[in-house]
Amino acid sequence: MQPKNEITTETRDAATLLRIKGDVTVFSEPFLKEAYLGATRQGANRILLVFDKESYINSGGIAVLIQILAEARKRSQVVGITGLSEHFKKIFNMVGITKFAKIYGSVEEGLSAMASAG
Amino acid sequence: MSEQETGANLSVSESRESIKILDERTLEIDLPNQFGYEQVAMECAASFAKLVGFVRERIDDLRTAVAEACLNAMEHGNKWRTDARVIVTMNFENGTFSVSVKDEGPGVVDLPEDPDIQKKLEQLEPARGLGIFLIRHLVDDVEFNKPAGEGNVLRMVLRMSY
């Protein structure tokens, strides 16, 4: 049985929020890509990924996120991240993701910062 | 988390993993070679580390390192063979927590170099291949051994700081 993600999309101010429920692993790829492409089709150019602090995230899930960031980069979209535990903030920083997507302490902080970005 | 979300079937009647307490300092877990069961080893290591007094931050490091080592064994060692097993042995002694993860594979030919996030974002190298990097950066020591005819063993060590 493969894990599934439930991803809800919400537009707030000038950004699109993708709220990700469930563990983030290699099996998250179709769910994350579908949500990202759906937001892109709707014209999103600022995307805030909202993780669940309790979720298990592994290297396969981080690789999926890198693929999303690569696609966003091609389209000149700004991507932010929030909802991570301190441990996964450290991991994302270790891998280098934070050079390309800022991590925010809360949704409100992310929205505020992204509204004034670019 | 539901069983469906994790992919792990942990009900007692259908459980296919086994956990043995070899002595008060040593646990051994015999896992099926199936995605999701790495979380059994991860949670077991976290509970054991908490019991012996590790702080939350180090337990989180251990959780990720153990999960990644098990996934590495399942994918690269055992090639997702459904008849293969992953044996995880953990020991705490003299302030040192060690975890060995053994698979049945032919051996890791080349260990991956540290990832280059820029190249990954430019799609010049695969997005995957982060597991060994994470393990190396989260634990105090890591070594890869291949005992004759016995598969691969990844051994990692975390030391308790007083």
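Please refer to the structure placed before this passage.
All of the points below concern the structure found in this document. The shown structure was predicted, so the numbers you read here are calculated from the model rather than taken from an experiment.

Criteria and cut-off values
Residue numbers run consecutively from 1 along every chain, following the written order of its sequence. Just so you know, chain letters begin at A and ligand numbers begin at 1, following the order they were written in. The model is predicted, so local features are restricted to residues of pLDDT at least 70 and side-chain atom pairs to those at 80 or more, both for listing and for counting; the totals for chains, interfaces and linings are taken over all residues. Hydrogens and waters are ignored; side-chain quantities use all the structure's heavy atoms. Axes here refer to lines fitted to C-alpha atoms; in helices the fit is confined to the stretch in contact. Angles between the N-to-C directions go from 0 to 180 degrees. Each helix corresponds to a stretch of at least 4 residues labelled H or I by DSSP, and each strand to a stretch of at least 2 residues labelled E; elements are numbered beginning at the N terminus. Note that the term roughly parallel is reserved for angles under 35 degrees, roughly antiparallel for angles over 145, roughly perpendicular for angles of 65 to 115, and oblique for everything else. By convention, the crossing between two helices is left-handed when the near helix turns anticlockwise from the far helix through less than a right angle, and right-handed when the turn is clockwise. The contact criterion used throughout is that any non-hydrogen atoms of two residues lie within 4.5 Å. Any residue that is not Ala, Val, Leu, Ile, Met, Phe, Trp, Tyr, Cys, Pro, Asp, Glu, Lys or Arg is counted as polar, Gly included; the first ten are nonpolar and the last four charged. Should a side-chain nitrogen of Lys or Arg be within 4 Å of a carboxyl oxygen of Asp or Glu, the pair is scored as a salt bridge. With a 1.4 Å probe rolled over the protein chains alone, any residue whose accessible area is under 20% of its type maximum counts as buried; one over 50% counts as exposed, and the rest are partly exposed. As used in this record, nonpolar core signifies buried Ala, Val, Leu, Ile, Met, Phe, Trp, Tyr and Cys residues forming a set joined through side-chain atoms within 4.5 Å. Computed over the protein atoms alone on a 1 Å grid, cavities are sets of points where a 1.4 Å probe fits but cannot get out and pockets are open sets with protein on both sides within 12 Å along at least five of seven lines; a residue lines them when it has an atom within 4 Å of a point. Grid points are joined across faces, edges and corners, and a volume is the space filled by probe spheres set on the points. Strand pairing is assigned whenever DSSP identifies at least 2 bridges connecting the two strands. Two N or O atoms count as a polar contact when they lie within 3.5 Å, although within protein this holds only if one can serve as hydrogen donor and the other as acceptor, and sequence-adjacent residues are included solely when both atoms are side-chain atoms.

So, about the packing of helix α3 (residues 86-95) of chain A against helix α3 (residues 56-77) of chain B. Where α3(A) contacts α3(B), the two axes come as close as 10 Å, and the packing angle between them is 60 degrees. In terms of orientation, α3(A) and α3(B) fall into the oblique class. Classified by chirality, the crossing of α3(B) by α3(A) is right-handed. Across the interface between the two elements, A:His87, A:Phe88, A:Lys90 and A:Ile91 of α3(A) pack against B:Glu57, B:Asp60, B:Asp61 and B:Thr64 of α3(B). When the residues that make up the contact of α3(A) with α3(B) are grouped by side-chain class, the tally is two nonpolar, two polar and four charged.

Another point: the pattern of salt bridges. Applying the stated rule across the entire model yields 20 salt bridges over all chains. For B:Glu57, the salt bridge is made with A:Lys90, and the minimal N-O distance between the two is 3.6 Å. Pair noted here: B:Glu57 is in helix α3 and A:Lys90 is in helix α3, and the two residues belong to different chains. With a shortest N-O distance of 3.4 Å, B:Glu93 and B:Arg25 are connected by a salt bridge. A residue pair is termed long-range when its members are at least 10 positions apart, and B:Glu93 in strand β3 (residues 85-93) and B:Arg25 in the loop between β1 (18-23) and β2 (26-32) qualify at 68 residues. What makes B:Glu93 partly exposed here is its relative accessible area of 35%. Within the structure, one salt-bridge network assembled from shared partners comprises A:Lys90, B:Glu57, B:Arg58, B:Asp61 and B:Asp140.

Along the chain, the position of B:Ser98 falls in strand β4 (residues 96-102). Not counting residues up to four positions away in its chain, the partners in contact with B:Ser98 are B:Thr89, B:Met90, B:Asn91, B:Arg155, B:Met156 and B:Val157.

A few words on the nonpolar core. Ranked by internal contacts, the top residues of the largest apolar core, which has 38 residues, are A:Phe51, A:Ile62, A:Phe92, A:Val95 and A:Ile97. For this core, the elements supplying multiple residues, two or more each, are β2 (15-21), α1 (29-41), β3 (46-50), α2 (59-74), β4 (78-82) and α3 of chain A together with α4 (117-121) and α5 (131-138) of chain B. Here the element with the most residues in this core is α2(A); it accounts for nine residues. Setting aside its immediate chain neighbours within four residues, A:Val95 contacts A:Ile62, A:Ile66, B:Ile117, B:Leu130, B:Phe133 and B:Leu134. With 34 residues, the next largest nonpolar core counts B:Ile29, B:Ile59, B:Val66 and B:Met160 among its residues.

Right, let's get into the layout of surface pockets. Its volume calculated, the second largest pocket comes out at about 410 Å³. For the second largest pocket, the lining is made up of 20 residues, of which A:Glu54, B:Glu43, B:Arg56, B:Asp60 and B:Arg63 are closest to its centre. The set of elements that each furnish at least two residues to the lining of the second largest pocket consists of α3 of chain A together with α2 (38-51) and α3 of chain B. Residue contributions to the lining of the second largest pocket peak at six residues, all from α2(B).

In this section: the sheet that holds strand β5 (residues 141-145) of chain B. All names here are of chain B. Read across the sheet, six strands follow the order β1-β2-β3-β4-β6-β5 without closing on themselves; strand pairing throughout is antiparallel. Each edge of the sheet is formed by a strand with only one pairing partner; in this case those strands are β1 and β5. Mean inter-strand twist for the sheet, computed between neighbouring axes without regard to direction, equals 15 degrees. Sheet topology note: the β5/strand β6 (residues 153-159) ladder contains five bridges and is antiparallel.

Turning next to the interface of chain B and chain A. Counting residues at the interface gives 30 residues for chain B and 31 residues for chain A. Summed over the shared surface of chain B and chain A, the result is six residue pairs in polar contact (both at pLDDT 80 or more). Of all the elements in the fold, those that place two or more residues in the side of chain B that touches chain A are α1 (3-6), α2, α3, α4 and α5 of chain B. Among the elements that take part in the side of chain B that touches chain A, α3(B) stands out by supplying seven residues, more than any other.

This part takes up the pairing of strand β1 (residues 6-12) of chain A. All names here are of chain A. Pairing of β1 with β2 involves seven bridges; the strand directions are antiparallel. Following the sheet pairing, Glu10 is matched in β2 by Leu17. Linkage of β1 to β2, two consecutive antiparallel strands, is achieved through a turn of two residues, within which Asp13 is found at a positive phi near 55 degrees.

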